[in-house]
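Structural overview
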Amino acid sequence: MTITVLGATGSSGRHIVEKLLAQGHPVRAVVRKARKAAALQAAGVEVVEFDLASPSHEMFVPVFASAETVINAAATGSMTKRQAELIDHKGVVAAVDAAAALGVKRWVQISMMGSGDPGRLPGYLRATGRAKDAADTHLTRSGMTWTVIRPPWLTDGAAQGRITVGDSVTEGSLSRADLAAVAIASLDVTTTHNRMFEVTGGGAPITDALHGLA
Ligand SMILES: NC(=O)c1ccc[n+]([C@@H]2O[C@H](COP(=O)([O-])OP(=O)(O)OC[C@H]3O[C@@H](n4cnc5c(N)ncnc54)[C@H](OP(=O)(O)O)[C@@H]3O)[C@@H](O)[C@H]2O)c1
């Protein structure tokens, strides 16, 4: 089963693609700039360009055609309200609608801890939180089987393999390697299906923690 990864050249997206390939999954790497994915292309991975800032039906057809499963790790790096609205809200909403219309069945969304309650966030992150929450809510009504993962501050540290999950968990940090493992494990662990949850590092082994969402 080919898994379509949006934001495949991002810091978390790269981990997701590497892990999927290591597990033997065919991957469609969806990227803003194909030149950044030259190594993936050279390794035989299908690479498709897209830009959430200017979504169109024509652009989304090669992204989602014949795709069953999507993991979205794309997001703006900017914390301005304008960019958050453009990319993290409207761009993701357009992508979700296009995916559902083109027959995608499963969508795993990387969101952000505190998005459901922006008052928990520092001021500079509130616009991003609101934009992500709006997109997450839209996804829950898309008709696809969805998972929304809300991580805290991400690090480039080594995978620990242990997490704590819940509707609301205490702020901490999580390595991008562990976030990638959570996103991929969510594909198979049905307690994450049609479920939104926060996650932080430390606690139980990843699969056990996800089963505990039941
Ligand atoms: N960083 C944190 O501490 C933190 C905390 C909580 C949640 N999160 C969330 O976790 C996820 C992964 O974060 P990260 O820091 O690992 O990601 P990242 O390195 O910032 O990667 C983001 C990806 O999105 C792509 N992108 C940006 N603008 C785009 C556009 N207009 N159209 C299409 N793609 C676009 C980037 O493309 P390029 O490769 O071309 O740049 C990149 O691949 C994001 O949803 C982020 O909001 C992050």
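Our structure is the block above this text.
Calculation criteria
- Residues numbered from 1 in each chain as written.
- Predicted model: local features only at pLDDT ≥ 70, side-chain atom pairs only at ≥ 80, totals over all residues.
- Near = placed C-beta within 6 Å.
- Helix = DSSP H or I, 4+ residues; strand = E, 2+ residues; numbered from the N terminus.
- Nonpolar A, V, L, I, M, F, W, Y, C, P; charged D, E, K, R; others polar.
- Pairing = 2+ DSSP bridges.
- Contact = placed C-beta atoms within 7 Å.
- Axes fitted to C-alpha atoms, helices over the stretch in contact; angles between N-to-C directions.
- Core = buried A, V, L, I, M, F, W, Y, C linked by C-beta atoms within 7 Å.
- Buried ≥ 20, exposed ≤ 12 C-beta atoms within 10 Å, placed from the backbone.

1. Here we look at the site of the ligand
In the neighbourhood of the ligand, 25 residues make up the surrounding shell, with G7, G10, S11, S12 and A75 lying closest. Broken down by element, the shell around the ligand gets its largest block of residues, three residues, from helix α1 (residues 11-22). For the shell around the ligand, the per-class residue count stands at 12 nonpolar, eight polar and five charged.

2. Digging into the sheet that holds strand β11 (residues 204-205)
Across the sheet, which stays open at both edges, the nine strands sit in the order β3-β2-β1-β4-β5-β6-β10-β8-β11 with mixed pairing between neighbours. Lying at the two open borders of the sheet, with one neighbouring strand each, are β3 (46-49) and β11. Strands in contact with helix α5 (residues 126-140) are β5 (106-110), β6 (145-150) and β10 (195-201); relative to β6, the strand with the most contacts, it is inclined by about 155°.

3. What to know about the nonpolar core
Within the largest apolar cluster, 59 residues are counted, with the highest numbers of intra-cluster contacts made by V5, I16, A29, V30 and A183. For this core, the leading source of residues is helix α6 (residues 176-188), giving seven residues. Beyond its immediate stretch of four places on either side in the chain, V5 contacts G13, I16, V17, V27, A29, V30, I71 and A73.

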